[in-house]
Amino acid sequence: MTDLARGLRAYWIIGLLAALSTLAGLFTMPPIDRDESRFAQATAQMLETGNFVAINYLDEERNKKPVGIHWLQAAAVSLVSDAEDRQIWAYRLPSLLGVILAALACFWGGQRLVGREAAFAGAALLGTCALLGIEGGIAKTDAMLAGATTLAMAALANARGGQTPGWRTGLLFWFAMGLGILIKGPITPMVAGLTALALVAWERRIDWLRPVLVWWGPLLTIVMVLPWLISIQLATEGNFLRQALSDDLVPKLVSGHERHGGLPGYHLLMLPLIFFPATLFLLPGIGRIVSAIRGDGASHAAAARFLAAWAIPTWLVFEILPTKLPHYVLPIYPALALMAGWGFVELARAAAWQRWVSWSLFGVIGLLLASVLPVLFLFYGNNASWDSVRLSLSGFEGGFQLGLDPLVGLAVMVSAVVLAGLTGAALVSDRLRPGALALAFAVLAGLSAQVVGRGLVLPNAYAVRLADQVRAARAYSETITGLSPDEIVTASSFTEPSLAFSLGTDTVLGTAEEVLAFAESRDEPTMVVLDLSRDADLRAWFLDERPTPNALTDLLENVRSEARFSRVFGNLDICHRTLAAGVNYARGSEPTLAILFTRCAAPGDAVYTAPVIQDGDGSTFEPREDTPNDPQD
């Protein structure tokens, strides 16, 4: 492994591993609800309006996170795509760059702490770990936040361990501070600040901070952040900071905000799974840290204290906070990865129980992933439901896929077997001949998990692609209504942000009653999307399931409901009906969507030609109004 860790070649290898881990599914996964779609939609609106100060989601201000990720996404989309194309992969490119930055910065800073070989191993494990790869494939803040924070900590490590750290160290540190603040507010300063405070209190010396305590450093960060902050405060009349603090930050400090609660120990419990494959070497690495702090060499002790100060205070903060999500502790993962790299290089010094526990955790997680991911594909590889079948039988077109794609299913199974095989190979290599081969198999197992989960299962899980199904239905609007897909307005009671991003800013979201009233008020063609899982009366109407009345009041309610829907749908002039079905995992429901086209173009204005039907004797004729299977029926 020594040869791989030498020179610039090591940086290329680390960057390539991080990129490969993140690229699995980046171009093929649908928009993920809900945060990814909200971030992407807000960026799209920036590009559409030319306003790069205010952050808006549809017609609402989105005063939660700073603007940094939106600027990066806007730059990426401008370079490789267009806001009108709604290609989610373009919005994910900054996250890909964030993963690469985190891995490279981990290697750069880790060399000062644990040596080149251990830093190389740690950076390779970080670049292929499950959580960082997942976040790198989503158009959110957390991957780039990890990159900015790791760069700041790497600069801090070089300031502490470098023989003659120059002004570039301070420049990188304060630039990373500014970038981190623009991405996600106080997280990067908190991680660096807690690390520095813990070390100063622990060692009772502050002179090592001198390379970053330069007068122009904070000024650089202020210049990066303050102009936008002033602009957004003026544009929102002071609402940005007020809402970001009172509606987003403070609720997370006092309760399980947005149902994302958890007890202390949540992040520790999740660690073996989402830190895979670095799980194999983490426990020996922690043992090495403890041994070094106890006095195994002055240089080793200093490095161990730095990594402990990086990981422990911030980890405790997130364990204490009542609001918990797995990615909150991601800025600490580079420290854990360097511990794992250190443990790998000095495996011979690890206690037997540490290695046995590591083998057990790694093996269980690898086999669990290899087993669960194909099962997920079996469940979500098609989107057929009883409701969708019944709607189809009542005259709705298409909308569901019954059965799995056999080729994709075969690819998933083969990839799962490969993942299980690589997990076993890593365990056998680490047990019989610890060294570069064990690390290589572990890294390949991490890459394989990303390929199976994000490269094969999720992109081909047709049931989770509800927004894509609706967009596909809208693609036929020119044939049905005479309006191109970009011109027809959509009103939907399926309100997930992925739909707003997929269809465009002019999408109208609301309750079924609001959507129907909006469509009824229009004279132009409209595509109406009704989520039957959220309205029992609407579902009963479409599926002809009138509940048996138990009293006169129930009977009267049924009559009123029947009359109301008869009037509304009668006034809509519905000319085409199709459907979409699947899983809304954000709500934990299985919605069936009734898609209706209203106020269609007059026959003389339509852009399609009536189909020609061949009779049994070979003669042809155009369908009449009462012809079965007429597309207008």
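Residues numbered from 1 in each chain as written. Predicted model: local features only at pLDDT ≥ 70, side-chain atom pairs only at ≥ 80, totals over all residues. Heavy atoms only, no water.

**Some points on the state of the cysteines**
For the coordinates displayed, the defined rule picks out one disulfide. Covalently, Cys575 is tied to Cys600 through a disulfide, its sulfur atoms 1.3 Å apart. Separated by 25 residues along the polypeptide, Cys575 in strand E6 (residues 574-581) and Cys600 in the loop between strand E7 (592-598) and strand E8 (613-614) bring together distant segments of the chain. Given a relative accessible area of 10%, Cys575 falls into the buried group. (Disulfide = S-S within 2.5 Å. Helix = DSSP H or I, 4+ residues; strand = E, 2+ residues; numbered from the N terminus. Buried < 20%, exposed > 50% of the residue type's maximum accessible area, 1.4 Å probe, protein only.)

**Structural notes on the packing of helix H2 (residues 35-49) against helix H3 (residues 68-80)**
Between H2 and H3, the least distance of the axes is 9 Å, while the angle of their chain directions is 65°. As far as their axial angle goes, H3 and H2 are roughly perpendicular. The handedness of the crossing between H2 and H3 is right-handed. Residues Phe39, Ala40, Ala42, Thr43, Met46 and Leu47 of H2 pack against Ile69, His70, Gln73, Ala74, Val77 and Ser78 of H3. Grouping the constituent residues of the contact of H2 with H3 by class yields eight nonpolar, four polar and no charged. (Axes fitted to C-alpha atoms, helices over the stretch in contact; angles between N-to-C directions. Parallel < 35°, antiparallel > 145°, perpendicular 65-115°, else oblique. Left-handed = near helix turned anticlockwise from the far one by under 90°. Contact = heavy atoms within 4.5 Å. Nonpolar A, V, L, I, M, F, W, Y, C, P; charged D, E, K, R; others polar.)

**Some points on the nonpolar core**
Counting residues in each nonpolar core, the largest one holds 109 residues, and the members touching the most others are Phe173, Phe275, Phe281, Leu307, Tyr333 and Leu336. Take this core: its biggest share by element is 13 residues, from helix H7 (residues 142-161). Not counting residues up to four positions away in its chain, the partners in contact with Leu336 are Leu271, Phe275, Leu282, Ala311 and Trp315. (Core = buried A, V, L, I, M, F, W, Y, C linked by side-chain atoms within 4.5 Å.)

**Re the environment of Leu241**
Relative to the assigned elements, Leu241 resides in helix H11 (residues 239-254). Each C-alpha atom, one on Leu241 and one on Lys64, is 8.4 Å from the other, the two residues being 177 residues apart in sequence. Discounting chain neighbours no more than four positions away, the residues touching Leu241 are Leu229 and Gln233.

**Some words on the side chain of Asn158**
By secondary structure assignment, the location of Asn158 is in helix H7. Note on Asn158: relative accessible area 7%, which makes it buried. Reaching out from Asn158, the side chain makes a polar contact with the side chain of Arg112 at a distance of 3.0 Å. Apart from residues no more than four positions distant in its own chain, Asn158 is found in contact with Trp108, Gly109, Arg112, Pro165 and Thr169. (Polar contact = N/O pair within 3.5 Å; in protein donor to acceptor, adjacent residues only side chain to side chain.)

**Points about the confidence of the model for the protein**
For the protein, the average pLDDT comes to 88, and 90% of its residues sit at 70 or higher. Across the protein, the secondary-structure element scoring lowest on mean pLDDT is E8, at 38, and the one scoring highest is H3, at 97. Contacts for the low-pLDDT stretch residues 603-633, under 50 throughout, to residues beyond four places or in other chains number 29 contacts. (pLDDT = per-residue confidence, 0-100.)

**A look at the sheet that holds E7**
What the five strands build is an open sheet, ordered E4-E3-E5-E7-E6; its pairing is mixed. Looking at the sheet topology across the chains shown, the edges are occupied by strand E4 (508-509) and E6. In this structure, strand E5 (residues 526-531) lies alongside E7, joined through six bridges in antiparallel fashion. Counterpart to Thr526 in the pairing with E7 is Thr598. (Pairing = 2+ DSSP bridges.)

**What about the environment of Phe107?**
Residue placement: Phe107 occurs in helix H4 (residues 88-114). Sequence separation between Phe107 and Ala5 is 102 residues; the distance between their C-alpha atoms is 9.8 Å. Beyond its immediate chain neighbours, meaning those up to four positions away, Phe107 contacts Ala5, Ala10, Tyr11, Arg116, Ala119, Phe120 and Ala123.

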